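Observations on the three-dimensional arrangement
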Amino acid sequence: MALNVNITASDAVPHDELYEKYPVDRPGKITFIGHHLSAKNTIRCLIRNVSLYGADLEVSPHLEMPTNFYLEILGIRDEIGCTLIRREGEQATVGFNMLIDAEFLHHIRRLSFETAV
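What you are looking at is a predicted structure, and each value in this text was computed from that prediction instead of being measured. (Residues numbered from 1 in each chain as written. Predicted model: local features only at pLDDT ≥ 70, side-chain atom pairs only at ≥ 80, totals over all residues. Heavy atoms only, no water.)

A look at unusual backbone geometry
Unlike most non-glycine residues, aspartate 25 shows phi in positive territory, near 45°. Mapping aspartate 25 onto the fold places it in strand E1 (residues 22-33). (Helix = DSSP H or I, 4+ residues; strand = E, 2+ residues; numbered from the N terminus.)

Structure below.
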């Protein structure tokens, strides 16, 4: 029996490219997930763009990034669970473990505008 696979145009586009990205250029902090989901180590990053699905980060190319981690955006107390999608040098693309709420995305963007002078 033949296996039928229907491929649509949206299947060919990576998930991180399906959602509109907004520039934020905010400092952030990556917290490694340790044993039993405990916070282990942290590294700093710069969040370049954010969408409902994920974010583009800038991280030192000499630092190793974990596959799963928490992302904290400076000025927002919530941590977002993330998974590394790809990394090329200092550019890292991450996906959020759940789509973030549109209102939360609006809050991130508004905070970016308030601090940009």
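That covers the picture; the talk isn't over yet.
Details of the pattern of salt bridges
What the rule picks out here adds up to four salt bridges. Taking the shortest distance from any N to any O, the salt bridge between aspartate 25 and arginine 48 comes out at 3.0 Å. Here aspartate 25 is found in strand E1, whereas its partner arginine 48 is found in strand E2 (residues 39-50), with 23 residues between them in sequence. Since its relative accessible area comes to 28%, arginine 48 is described here as partly exposed. When salt bridges with common partners are traced through the structure, they connect Asp25, Arg48 and Glu58 into a single cluster. (Salt bridge = Lys/Arg side-chain N within 4 Å of Asp/Glu carboxyl O. Buried < 20%, exposed > 50% of the residue type's maximum accessible area, 1.4 Å probe, protein only.)

Some thoughts on the nonpolar core
Grouped together as the largest cluster of nonpolar side chains are 26 residues, with contacts concentrated most on Ile30, Leu57, Met65 and Leu71. Of all the elements in the fold, those that place two or more residues in this core are E1, E2, strand E3 (54-58), strand E4 (68-73), strand E5 (79-88), strand E6 (91-96) and helix H2 (102-115). (Core = buried A, V, L, I, M, F, W, Y, C linked by side-chain atoms within 4.5 Å.)

Let's talk about the pairing of E5
When E4 meets E5, the two strands line up antiparallel, connected through five bridges. In the strand pairing of E5, glutamate 72 is matched with glutamate 79. Connecting the antiparallel pair E4 and E5 is a turn made up of five residues, with glycine 75 showing a positive phi of about 95°. In terms of strand pairing, E5 meets E6 through six bridges, oriented antiparallel. When the bridges of E6 are listed, glutamate 88 appears paired with glutamine 91. Here E5 hands over to E6 after two residues, with glycine 89 in that stretch at a positive phi of 65°. (Pairing = 2+ DSSP bridges.)

Some thoughts on the environment of threonine 67
Topologically, threonine 67 is positioned in the loop between E3 and E4. Along the primary structure threonine 67 and valine 94 are separated by 27 residues, whereas in three dimensions their C-alpha atoms are 9.2 Å apart. Other than its neighbours up to four places away in sequence, threonine 67 contacts Cys82, Thr83 and Leu84. (Contact = heavy atoms within 4.5 Å.)

Concerning the environment of asparagine 41
Structurally, asparagine 41 is set in strand E2. We classify asparagine 41 as partly exposed; its relative accessible area is 43%. With 28 residues separating them in the primary sequence, asparagine 41 and phenylalanine 69 have C-alpha atoms 10.0 Å apart. If we ignore the near neighbours within four places in the chain, the residues touching asparagine 41 are Ile30, Thr31 and Phe32.

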